[in-house]
Amino acid sequence: MEHYRLSDDKIMTEEELATMVDQEISQALGGDSDSNRLSRDRAKAMEYYLGEPFGNESEDHSRIVTREVMETIEWIKPELMKLFASGSETVRFEPQTAEDVPAAQQATDYINYLFHRKNEGFKILYQWINDGLLQKNGIVKAWWDEEESKVRERYEGLTDQELEMLLAPDAVELLEQETLPDALAEEQLTAQFEQQMMQFEQAQAQMAQAPQDPSQPAQPPLQPPMMPDIPNVHNVAIARTGAQNGLKIVNIPPEEFIISRKATSIKDAPFCAHRTRMSISELNAMGYDTTGLPTAQNSSGLEYTDEARARYENDDTGPEHDETISLDETMREVWVTEAYVKTDYDGDGIAEMRKVCKSGSTVFSNEEVDAAPFAAWTPIIVSHKFFGLSEADLVMDLQILKSQLLRNMLDNQYLTNNGRYTVIEGMVNLDDAMSSRPGGIVRQKMAGGIARLETPQLGQSAFQMLDYVDQLREKRTGVSERTQGLDPNALGPNTAASAVNQVMTASQQRIELIARVFGETGLTDLFLLMYKAILQNQTSKDIFRLRDEYVEVNPSDWHERKDVSVVVGLGNGSKESELQQLGQIVQLQQAFMNNPQTAPLAAAANVYNAAEDMVKIFNKAAGGRYFTDPASPEAQQQAQQAQAQAQQQQHMQEQMMQQGLQLEAQDRQIAQMKAQADAQRKQDQTQLDIAAQELDELEHADTVALKSAELEMEFQLEQEQGRAVALN
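Residues numbered from 1 in each chain as written. Predicted model: local features only at pLDDT ≥ 70, side-chain atom pairs only at ≥ 80, totals over all residues. Heavy atoms only, no water.

Participant: Tell me about the overall build of the chain, and name the residues and values.
Facilitator: Counting its regular elements, the chain contains 17 helices and 15 strands. Counting only residues that meet the buried cut, the chain has 34% of its 728 residues in that class. In the chain, once contacts between residues fewer than 6 apart in sequence are set aside, the share between residues at least 24 apart is 73%. Only carbon and sulfur atoms are counted for the fraction: they give 51% of the accessible area of the chain, which is about 45500 Å². (Helix = DSSP H or I, 4+ residues; strand = E, 2+ residues; numbered from the N terminus. Buried < 20%, exposed > 50% of the residue type's maximum accessible area, 1.4 Å probe, protein only. Contact = heavy atoms within 4.5 Å. Areas by Shrake-Rupley, 256 points an atom, 1.4 Å probe, with all protein chains shown as cover.)

If you want it as structure tokens, here you go:
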């Protein structure tokens, strides 16, 4: 590529670039020399962590070493691991616009998947946290590995067709091939041939014995069977080339990372580098030309630092204990430096970041890059410095102090149990006096020839000093017996629960601050590096499993982003507070949904988000495990079914209401008809009563008239006959 240059004399050669890198290395922190204070401090912290002797021990005194450094770090690590490694979403990418919400969620899911599944996310976090707590800064490296994976495979007994099918793909390379006759096929074909020969001989003998008819033409002679060709089989070794390894994340030992002295962070560092040992074979696999490397460039080309030796000296497992020279030249190891330096290499007057891979004076690669692929964190940030303080720095002096106090107490106990004596020379058998055993006797020539030197007993102040050291550690680090759950008095009958919570919360504030620093510095930088590497290198779609479903992701649809939020839990007390706050939000949502005027303010998606946040507080897997996303196809299908069911129920209710109205109308009509019938019946009865009364009156009138007529006739007869007459 052509560059605009001010003048040809400003163009830098690779030899000059390699010299400049060597000069930067010599001036950087964590460089070649073991005399620098940083390396000594980190080596000392490792020795204290492993419980190595201090070097001031005496032969006849206690040499116990307490483990304040190890205990402090090992009690902080579980809290940090619980916060960052207990869920599947360590870091969340925030959307920049409303349209960016799906892409941000996709990036969050996919990058967390690559971190935890494709890379050893738990192990990376564990070692990263441990390095920061113990050795000031923890370093990880994230880059896109373009090396294609090659797998060697061996096959035996392949036929010609099977071999052709095996070698058909372009990704398969034939390494070895051995062609042999197929023994099994040869055995079967030989048996078939022998059987055919036997049948041929029998048929030939029968033809010879059969009588010949002179009138018939002679039969042609039989043709003997032919032995078929024996097929071959192939034993082959192939190399199958797979896809690129993709995104890789590794922990870097702190002693292998160097950085400019004036740097306050990796982003603004004019120089930083990763130095490690690699074999010639590894360099060849990376495509580097190793023919120019001098033979003297072996494993002793650079000495190991004190901190590297301190890591392995307790069990002799370090690489420096394996200095055997391999007879295989490809397994010879050399020191390789991958440096990132800002320099005006192309002579255009503007310094750019360049990646330089070199070993000794041999430059393997030299290319311009955007940034160094490192992310770092330190538990205690020192303003305007890259290297901060570790938890070991806070308690190493306490480990010396407590170890010395405990040694004095043990020495006092030893002297109390097996004290010193004064003897009068010549009056006491010294062999008896120097032999301390239960029931032993001491021979003396005179009474009082031997007397015990009294050892003063240590008072309560010695034990109070041990407690005081523990209090100092608690003030400095927040780690105490109460936070560890080991204090028997922390939950006594007279201790209020609120007081215990206050003590626990106050102690956890230091750990929570460390967690926040780790999340906002190291994790944020790492996931932005991962996002950028995927955006620049992954051009094809990928399918990964998310929440028991296979999801397709296309990073080419992503865009540059700088907004990252870290998901950090805040301990049990804070979890209770968050649950209470979410409970209030849910109650407010319910109140809004019950009011028709405010119902649009709380939709189903808002309730789902609140429920998911509550699940995450309990460190449970969210994302549809306990609640269904209203935007998911399943939820939409259920909503449609529920809507159809509601419409059907409403229709049924309307029909029932209509039927009820009809029944009411019929009841009213029946009641009206009944009332009319009752009124008609009453009217008919009245008329009947009137007719009966009139009939009674007529009958009475007839009776009276008849009686009157009878009396009239009796009177006339009496008048005529002159006597009393009674009719009938």
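Participant: Before we move on, could you go through the packing of helix α2 (residues 37-50) against helix α5 (residues 121-135) and cite the residues and values that matter?
Facilitator: Two quantities define a packed helix pair, namely the angle between the helix axes and the distance between the axes. Where α2 contacts α5, the axes come no closer than 9 Å and their chain directions differ by 105°. When the axis of α2 is compared with that of α5, the two are roughly perpendicular. Touching Arg42, Ala45, Met46 and Tyr49 of α2 are Asn130, Leu134 and Gln135, all from α5. Looking at the contact of α2 with α5 residue by residue, the class counts come to 4 nonpolar, 2 polar and 1 charged. (Axes fitted to C-alpha atoms, helices over the stretch in contact; angles between N-to-C directions. Parallel < 35°, antiparallel > 145°, perpendicular 65-115°, else oblique. Nonpolar A, V, L, I, M, F, W, Y, C, P; charged D, E, K, R; others polar.)

Participant: A description of α5 should follow, citing residues and the corresponding values.
Facilitator: For α5, built from 15 residues, the straight-helix expectation of 21 Å at 1.5 Å per residue is met to within 8% by its first-to-last C-alpha distance of 21 Å. Taken as a whole, α5 has its buried residues at Gly121, Ile124, Leu125, Trp128, Ile129, Asn130, Asp131, Gly132, Leu133, Leu134 and Gln135. With its phi angle positive at about 75°, lysine 136 sits one or two positions after the end of α5. (Expected span 1.5 Å × (residues − 1).)

Participant: How would you sum up the nonpolar core? Please name residues and give values.
Facilitator: If you look at the biggest cluster of nonpolar residues, it comprises 62 residues, and the most contacted ones within it are Val69, Leu125, Trp128, Leu526, Phe527 and Met530. Element by element, the count of residues in this core is highest for helix α14 (residues 497-537), at 12 residues. For tryptophan 128, the contacting residues outside a window of four places in its chain are Gly138, Ile139, Val140, Asn251, Ala375, Ala376, Trp377, Phe518, Gly522, Leu523 and Leu526. Core analysis: the next-biggest nonpolar cluster, separate from the first, contains 17 residues, Ala263, Ile266, Ala269 and Tyr340 among them. (Core = buried A, V, L, I, M, F, W, Y, C linked by side-chain atoms within 4.5 Å.)

Participant: Which residues make up the packing of aromatic side chains, and what values do they have?
Facilitator: One pass over the full model with this rule turns up 12 aromatic pairs. Consider the rings of tyrosine 288 and phenylalanine 364, whose centres lie 5.0 Å apart with planes at 5°: the pair is stacked. On the criterion of sequence distance, the pair formed by tyrosine 288 in the loop between α8 (280-285) and α9 (306-312) and phenylalanine 364 in strand β9 (residues 362-368) is long-range, its members being 76 residues apart. Per residue, the accessibility class of tyrosine 288 equals that of phenylalanine 364, and both read buried. Put simply, the rings of Phe257, Tyr340, Phe374, Phe386 and Phe387 pair up and form one aromatic cluster. (Phe/Tyr/Trp six-rings, centres within 6.5 Å; stacked < 30°, edge-to-face > 60°.)

Participant: Any chance you could break down a negative patch on the surface for me, citing the residues and the numbers?
Facilitator: On the surface, a cluster of negative charge is contributed by Glu694, Asp696, Glu697, Glu699 and Asp702. With respect to the helices and strands, the residue aspartate 702 is situated in helix α17 (residues 633-721). Judged by relative accessible area, aspartate 702 falls into the exposed class, the value being 52%. (Patch = residues over 30% accessible without salt bridge, like charges linked within 9 Å, V, L, I, M, F, W, Y side chains within 5 Å. Salt bridge = Lys/Arg side-chain N within 4 Å of Asp/Glu carboxyl O. Lys, Arg positive; Asp, Glu negative; His and termini not counted. Charge placed at Lys NZ, Arg CZ, Asp CG, Glu CD.)

Participant: Outline the sheet that holds strand β8 (residues 352-359), listing residues and values.
Facilitator: Taken in spatial order, the 5 strands of this open sheet run β5-β6-β7-β8-β9, and their pairing is antiparallel. The sheet is open, and its two borders are formed by β5 (257-259) and β9, each paired with just one other strand. Each strand of the sheet is rotated relative to its neighbour by a mean of 20°, with strand direction disregarded. Sheet strands in contact with helix α1 (residues 14-27) are β5, β6 (271-279), β7 (333-343), β8 and β9, and its direction is about 95° off that of β7. (Pairing = 2+ DSSP bridges.)

Participant: With reference to specific residues and values, describe the environment of glutamate 178.
Facilitator: Relative to the helices and strands, glutamate 178 resides in strand β3 (residues 172-181). Here glutamate 178 falls in the partly exposed class, since its relative accessible area comes to 38%. Glutamate 178 sits 55 residues away from valine 233 along the chain, and the two C-alpha atoms are 8.4 Å apart. Among all residues touching glutamate 178, those that are not within four sequence positions of it are Val233, His234 and Asn235.

Participant: Give a detailed account of the pairing of β6, specifying residues and quantitative values.
Facilitator: Within β6, 9 of the 9 residues are buried, leaving the element largely enclosed by the surrounding structure. Along β6, one buried face is formed by Phe271, Ala273, Arg275, Arg277 and Ser279 and the opposite face, lined by Cys272, His274, Thr276 and Met278, is buried too. Pairing of β6 with β7, which is carried by 9 bridges, proceeds in the antiparallel orientation. Directly across from methionine 278, in β7, lies its bridge partner valine 334.

Participant: Outline the confidence of the model for the chain, supporting the account with residue identities and numerical values.
Facilitator: Segments scoring low in pLDDT should not have their predicted coordinates read at a detailed level. Within the chain, residue pLDDT values average 81, and 85% of them lie at 70 or more. Mean pLDDT across the elements of the chain bottoms out in strand β15 (residues 564-566) (59) and peaks in strand β10 (residues 374-377) (96). Confidence drops under pLDDT 50 across residues 568-573; counting only partners more than four residues distant or on other chains, this segment forms 10 contacts. (pLDDT = per-residue confidence, 0-100.)

Participant: I'd like a description of a nonpolar patch on the surface, backed by residues and values.
Facilitator: Where nonpolar side chains cluster on the molecular surface, the patch consists of Tyr421, Val423, Leu430 and Met434 and spans about 430 Å² of accessible area. Only β11 (420-423) and α11 (430-434) provide two or more residues apiece to the nonpolar patch. Take valine 423: it is sitting in strand β11. Valine 423 sits in the partly exposed class, given a relative accessible area of 36%.

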